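A structural walkthrough
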Amino acid sequence: MTESCYLVTGASKGLGRALALLLAQNGNNVLALARPSEALDSIEQMLIQHAPGSASIACDLSRPDSIAKAVERIAEHTEQLAGIVHNAGAIAPVKAMAEVEGAMWARSIQVNLIGVQDLTQQLRPMLGGDHQSRVTVISSGASLRPVHSWSAYCVSKAGLDMWSRCLAEEGRAVNISSISVAPGVVDTGMQREIRSVPPEDFPSLETFIGLHEDGNLVASDVVAKQLYELVTAHSMDQSGMRFDVRDL
Ligand code: NAP
């Protein structure tokens, strides 16, 4: 049997970590991408225990040179990717559009959107051909709904939905599929970060504190299980579609 290999970005923490682990537990090699950290080292060790061909890939998606180096490392591990999960994401800056610093806004679009295009373009020789490669973009409810003080995040997630549709369009003839999925409200560091924003910067702060206090956040491993089938087995007919885990 051919070994399958998935690249999961943002695999050091939260949802990406849970997805990476689930993929490895099911026998897939996983290349776990995030900035260098102890958390990244620890997930690498866990992945290798389940799927020995797994590895961590240190990469800062805010830096094009770091993306290029990561692509070189990925190529040392595999010639073909069964899939990419574009999960890495940053909520910052949480600030009104009238006040947000331009460089922070641009950085958010770089990490959440431009890095996805850049990475995928450079990995193109490892995608498609005889075997379908499945690209999954982790979207958000914020791709469809404007949220006060989240303009960069909303714009990048809306852009990602369309990016996925464009990839589906161009990938159809070469066996590359792409879907986007909103994961619901997940109990991760990103939610903690949202709850720690100063109230003057974020009018919906109380709503997010309430979601946590009322037990409405879903654990990462639960969401990872809900996403697994889509990530590993979505069909060419589903390529270009947007899903929400709450509708699955
Ligand atoms: P998280 O716990 O904050 O994890 C974010 C991941 O992205 C981490 O692994 C982080 O790695 C990585 N990352 C951030 N900046 C990066 C950079 N510059 N370069 C490389 N990696 C970077 O957040 P999460 O909640 O699991 O989020 C996962 C995805 O779900 C995101 O796309 C998010 O937008 C989406 N989402 C989350 C929720 C939610 O309720 N949590 C809801 C809707 C959508 P390092 O910091 O270690 O580099």
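Further up the page is the structure itself.
Thresholds, definitions, all that
- Residues numbered from 1 in each chain as written.
- Predicted model: local features only at pLDDT ≥ 70, side-chain atom pairs only at ≥ 80, totals over all residues.
- Heavy atoms only, no water.
- Disulfide = S-S within 2.5 Å.
- Buried < 20%, exposed > 50% of the residue type's maximum accessible area, 1.4 Å probe, protein only.
- Pairing = 2+ DSSP bridges.
- Helix = DSSP H or I, 4+ residues; strand = E, 2+ residues; numbered from the N terminus.
- Axes fitted to C-alpha atoms, helices over the stretch in contact; angles between N-to-C directions.
- Contact = heavy atoms within 4.5 Å.
- Core = buried A, V, L, I, M, F, W, Y, C linked by side-chain atoms within 4.5 Å.
- Salt bridge = Lys/Arg side-chain N within 4 Å of Asp/Glu carboxyl O.

**Focus on the state of the cysteines**
Applying the stated criterion across every chain yields a total of 0 disulfides. Not part of a disulfide, Cys-59 finds its nearest cysteine sulfur in Cys-5, a span of 15 Å. The thiol sulfur of Cys-166 is not disulfide-bonded, and the nearest other cysteine sulfur, from Cys-154, lies at 20 Å. Judged by relative accessible area, Cys-166 falls into the partly exposed class, the value being 39%.

**Considerations on the sheet that holds strand β7 (residues 242-244)**
Strand order in the open sheet formed by 7 strands is β3-β2-β1-β4-β5-β6-β7, and the pairing between neighbours is parallel. The open sheet terminates on both sides in strands that have one partner only, identified here as β3 (55-58) and β7. Looking at each pair of strands side by side, their axes are set apart by 20 degrees on average, direction ignored. Sheet topology places strand β5 (residues 133-138) next to strand β6 (residues 176-182); 6 bridges connect them, and they run parallel. Residue pairing for β6: Ile-138 is matched across the bridge by Val-181. Across the face of the sheet, helix α5 (residues 151-171) comes into contact with β4 (83-86), β5, β6 and β7 while running at roughly 160 degrees to β6. Seen against the sheet, helix α8 (residues 220-233) touches β1 (5-9), β4, β5, β6 and β7 and runs at an angle of roughly 140 degrees to β5.

**A few points about the nonpolar core**
Buried together is how nonpolar side chains tend to be arranged in soluble globular proteins. Core analysis: the biggest nonpolar cluster contains 32 residues, and Val-8, Leu-19, Val-30, Leu-47, Val-181 and Leu-227 have the highest contact counts within it. Breaking this core down by element, the ones donating at least two residues are β1, α1 (14-25), β2 (29-34), α2 (38-50), β6 and α8. If you tally residues by element for this core, the top one is α1, at 8 residues. Setting aside residues up to four positions removed in sequence, Val-181 forms contacts with Thr-136, Val-137, Ile-138, Ser-139, Leu-227, Leu-230, Phe-243 and Val-245. Counting 29 residues, the second largest nonpolar core, distinct from the first, contains Leu-7, Ala-88, Val-137 and Trp-163.

**Some words on the pattern of salt bridges**
With the rule as written, the count across this model stands at 4 salt bridges. Taking the shortest distance from any N to any O, the salt bridge between Arg-242 and Asp-161 comes out at 2.8 Å. Here Asp-161 lies in helix α5 and Arg-242 lies in strand β7, a separation of 81 residues in the sequence. A relative accessible area of 10% places Asp-161 in the buried class. We note a salt bridge from Arg-246 to Asp-244, for which the minimum N-O separation is 3.0 Å.

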